[in-house]
Amino acid sequence: MLTSGRTAIATIIASIGAGSGDEVLLPAYHCRAMVEPVRWTGATPVLYRLNPDLSIDIDDLRTKISDRTRGCIIVHYFGFPQELSAILTLCREHGVPLIEDCAHAMYGDFDGLPPGAGGDYAIASMTKFFPVADGGCLVSARHELDSPALRAAGGRYAFKSCLNLVERAVSYDRLRPLNHLLAPLLRIKDLAWTRIKATATQAANHSESSDALGFSPDTIGVRMSTPSRFIFRRTAAARLVSRRRNHYRFFCDAFAGLPNCRPLVRNLPAGIVPYVFPLVVDVPQTVFPILKFDGVPMFRWEDIPDGICDVSTRYSRQLLQLCCHQDLRDSEIEWMAAAVRRAVNT
Ligand SMILES: *Cc1c(COP(=O)(O)O)cnc(C)c1O
């Protein structure tokens, strides 16, 4: 258990020996959190194309494999499995390790196996499924992971992880009746912190604030923090699975027949535990800002380079990822659905 999914990607790419002059295959539809760890190893990300349903364009993938290819990363987008057999065959033919990015697929039944059991390695992200401030994992069903002992994160890191959690819980009104007690304390902390930071920045003439999307190499070799591991172990998987599935199905029904948009996947087969609800909208330039303004929890992956994969470029604007987290209340899901219906009808 590591500190994040991106740390897990960097760890595995480095440990299979990829570095400067080597290439790692990545899907054209991706987020920065996948690219930066690959770049950190010195290897060059090479992007392959996807089909409109986000399945892998195998013919394109084949042309992208070279004698410098050291790894191939695939993504089970939003919790839905990629068809593995053709990719596995291709990777085996060329001796390229297959890395399953299961950041969206923490749970599920993929042909009788858990996600991540088909390829050489798999990574996952805890923060996407659990109420934790850090955490990622790296597993292999095929290889002995040469795991050097992970360093404990240290008290400061664990404390920050805890504080971050409490702050977020309070800001979303999740800790009643403690809220009234905690909110003023946190405000005092924020004020003090802003002061300290301003002073420190003046003194050192640099800002320490880390980019949330960035990847920091100093988290490599560090173990997931104790508070996060505690919460991870205490989370009831059955409730997580059923609530996420219920939220997803609610969105399916709410958006059925709605003009100007369509779910990327219309139904939810058994065994799928969704990460988000992917909605493709026809007029993102109006819909996206409206939903942002309304405060609907959703986002899109915008850092997709032009000219490689038309599908991915289009989805960087049109594909909205709507949260369907287990801890969203039914009333919040209903409110989100109503906001989307209004936005696509304007
Ligand atoms: C979020 C994400 C990651 C990185 O996970 P973190 O835990 O946020 O570092 C990797 N791959 C995909 C597809 C992701 O969505």
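Coordinates for the structure precede this section.
All of the points below concern the structure found in this document. In this text the structure is predicted, and so the values were computed from the model without any measurement.

All right, on to the side chain of Thr313 then. With respect to the element layout, Thr313 can be found in helix α10 (residues 310-318). Sequence-distant contacts of Thr313, defined by excluding residues within four places in its chain, comprise Ile304, Pro305, Asp306 and Gly307.

A few words on the site of the ligand. In the neighbourhood of the ligand, 13 residues make up the surrounding shell, with Gly5, Arg6, Asp101, Ser125 and Lys128 lying closest. In this structure, an oxygen atom belonging to the ligand sits 2.7 Å away from a side-chain N or O atom of Ser125. Between the ligand and Lys128, the relevant distance is 2.9 Å, taken from an oxygen atom to a side-chain nitrogen or oxygen of the residue. Notes on the ligand: free accessible area 380 Å², of which the protein chains cover 94%. Only α1 (5-15) and α2 (32-40) provide two or more residues apiece to the shell around the ligand. Its residues placed into classes, the shell around the ligand shows six nonpolar, four polar and three charged.

Time to look at the sheet that holds strand β10 (residues 319-323). With respect to topology, four strands assemble into an open sheet ordered β7-β8-β10-β9, the strand pairing being antiparallel. A single partner strand is all that each edge strand has here, and the edge strands are β7 (261-263) and β9 (298-299).

What counts as what
- Residues numbered from 1 in each chain as written.
- Predicted model: local features only at pLDDT ≥ 70, side-chain atom pairs only at ≥ 80, totals over all residues.
- Heavy atoms only, no water.
- Helix = DSSP H or I, 4+ residues; strand = E, 2+ residues; numbered from the N terminus.
- Contact = heavy atoms within 4.5 Å.
- Near = heavy atom within 4 Å.
- Polar contact = N/O pair within 3.5 Å; in protein donor to acceptor, adjacent residues only side chain to side chain.
- Areas by Shrake-Rupley, 256 points an atom, 1.4 Å probe, with all protein chains shown as cover.
- Nonpolar A, V, L, I, M, F, W, Y, C, P; charged D, E, K, R; others polar.
- Pairing = 2+ DSSP bridges.

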